[in-house]
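Reading the structure
What follows is each chain in one-letter form.
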Amino acid sequence: MTGFRGDKNKTIIFQNRSGNTPVVEIADDSFGNSPTEEAILTEGIAYIGRNAFSGCNKLHQVVLPISIEEIEDSAFENCSSLKSISLPMALKTIGDGALKGTGLRTIEIPKSVFWLGDGLVADCQSMEHVTIPENIGRIPDHMFEGCINLKKVELHEKLEAIGERAFFGCNNLSSVTLNEGLLFIGESAFSNNKALTEINIPATVQKLADKCLDRVKRIHVNGYLPKDFFKSCILNSEDNYSADNIYDIVEITDGTYKLFIPRYIAARDIAKMNDTFYMRKFSDITSDNKFVESMLDMAEYTETKQNLAIAIYKYNNSSSIKTYLRRTAVNLTNRLLDSKKENELVDFLKLNIMSLPSMKKLLADDRIHQFTSAEAYLLNAISQSDGSSKTFKL
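Residues numbered from 1 in each chain as written. Predicted model: local features only at pLDDT ≥ 70, side-chain atom pairs only at ≥ 80, totals over all residues. Heavy atoms only, no water.

**Re the overall build of the protein**
For the protein, the helix and strand inventory stands at 9 helices and 24 strands. Compactness check: the protein gives a C-alpha radius of gyration of 28 Å against a globular reference of 21 Å for 394 residues, more than 25% above the reference. Seen along its three principal axes, the alpha-carbon backbone of the protein occupies a region of about 100 × 50 × 35 Å. Within the protein, the fraction of its 394 residues that count as buried is 51%. Look at the contacts in the protein between residues 6 or more apart in sequence, and 36% of them connect residues 24 or more apart. Each charge class in the protein can be summarised by its mean position, and for the 45 positive and 52 negative side chains these summaries are 7 Å apart. (Helix = DSSP H or I, 4+ residues; strand = E, 2+ residues; numbered from the N terminus. Rg over C-alpha atoms; globule rule 2.2 N^0.38 Å. Buried < 20%, exposed > 50% of the residue type's maximum accessible area, 1.4 Å probe, protein only. Contact = heavy atoms within 4.5 Å. Lys, Arg positive; Asp, Glu negative; His and termini not counted. Charge placed at Lys NZ, Arg CZ, Asp CG, Glu CD.)

**Thoughts on the packing of helix H7 (residues 342-349) against helix H9 (residues 372-385)**
Relative to each other, H7 and H9 sit at 15°, their axes nearing to 9 Å. By the angle between their directions, the pair H7 and H9 is classed as roughly parallel. In this structure, H7 crosses over H9, and the sense of that crossing is left-handed. Contacts between H7 and H9 involve Glu342, Leu345, Val346 and Leu349 on the former and, on the latter, Thr372, Ser373, Ala374, Tyr377 and Leu378. (Axes fitted to C-alpha atoms, helices over the stretch in contact; angles between N-to-C directions. Parallel < 35°, antiparallel > 145°, perpendicular 65-115°, else oblique. Left-handed = near helix turned anticlockwise from the far one by under 90°.)

**Re helix H6 (residues 319-338)**
Because an α-helix completes one turn every 3.6 residues, residues spaced three or four positions apart along the sequence face the same direction. A rise of 1.5 Å per residue sets the reference length of H6, with its 20 residues, at 28 Å; its end C-alpha atoms lie 28 Å apart and thus fit the reference within 8%. Along H6, the residues classified as buried are Ile321, Tyr324, Leu325, Thr328, Ala329, Leu332, Thr333, Arg335, Leu336 and Leu337. Immediately downstream of H6, the backbone of Lys340 shows phi near 55°, a positive value. (Expected span 1.5 Å × (residues − 1).)

**A few points about the pattern of salt bridges**
Counted under the stated rule, the structure contains 16 salt bridges. One salt bridge connects Arg50 with Glu72, and the closest N-O pair in it is separated by 3.9 Å. Taken together, the positions of Arg50 in the loop between strand E6 (47-48) and strand E7 (61-63) and Glu72 in the loop between strand E8 (70-71) and strand E9 (93-94) put the pair 22 residues apart, joining distant regions of the chain. When its relative accessible area of 36% is taken as the criterion, Arg50 is described as partly exposed. For Glu72, a relative accessible area of 18% translates into the label buried. The residue Arg50 makes a salt bridge to Asp73 at a minimum N-O spacing of 3.8 Å. Of the two residues, Arg50 is situated in the loop between E6 and E7 and Asp73 in the loop between E8 and E9; the sequence distance between them amounts to 23 residues. According to the relative accessible area criterion, Asp73 is partly exposed, its value standing at 22%. One salt-bridge network, in which partners are shared between bridges, spans Asp28, Arg50, Glu72 and Asp73. (Salt bridge = Lys/Arg side-chain N within 4 Å of Asp/Glu carboxyl O.)

Honestly, that's just the spatial picture; any functional story needs more than this.
Set out below in structure tokens:
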């Protein structure tokens, strides 16, 4: 079937015969951008062509027969009113962007499907959940890109690879469970996901591509780091950067040992880190506190260095890190006062690093009166330091 004549085209029932001729397919570009609201395909139709219904922004219901085997590229792309669709159990292939930009909230891909195209449900801004069968071994490139309402992803146990930009820009995606058996994560796969702050990398993963974890702040590893690990989560300071995470630090842990590293470092340092950890167990290197503390030398910004020092000191109580924090305490507290980061200021004060004169100087600063918790903590700390019995409750 190649199109429709007439003005009664809100609801179209696609018959499987036209006279004595069987109808087995909906042709490419046949109903694109039409005002169709309902499309009902009858048994016997097996193929939906490229762009067949693309741009039908009033299309809200599609009924597919069990005879459908192929849905081609962009078949329903930008059908923004399409909230649900039931894919038949005989379906074999779904093309690139076939459901891109639709209003779908959830979709279950049948076990019969052996091929998924790139960007299948990209830009589906209402998408919350997708079920992918175990016979699909790879999440295609751009699969969920721009699915801003996707919050949680659980991958089946037989998945081996996640494609390039598969979850790019899923800003509400806060939980991802990666399966044992996963081998590869593609470039920028989880990039630009502000809600995804923590992830566990299975021991089976062999390679992480560039920037695939560029927003994740805490990464759990198992034994050895995958190839090019630091390119996945650490960014080249010489490239363009996002102003809201330039001072971030990344925590990498195997559950026992930890490594803290600036989000942005020089390209030579990224290469150096990959070489240092290549074919060596994470714990063999990070058990050396001097190595952990050497990460301060890679920080290119004072704020990054201060954040890094606080994290390292909380981890190992290093005397050299304590000395650095004492020297920079005035600068650090001024920065936190100026940026009105009271919680971070209180956390720093609780480290009990500041000298008594420095604490008194901070208490005399008019800005401190805006922060009642920090002010109360300072009063307590000062009274205990000078031997006074007077105490103040937070």
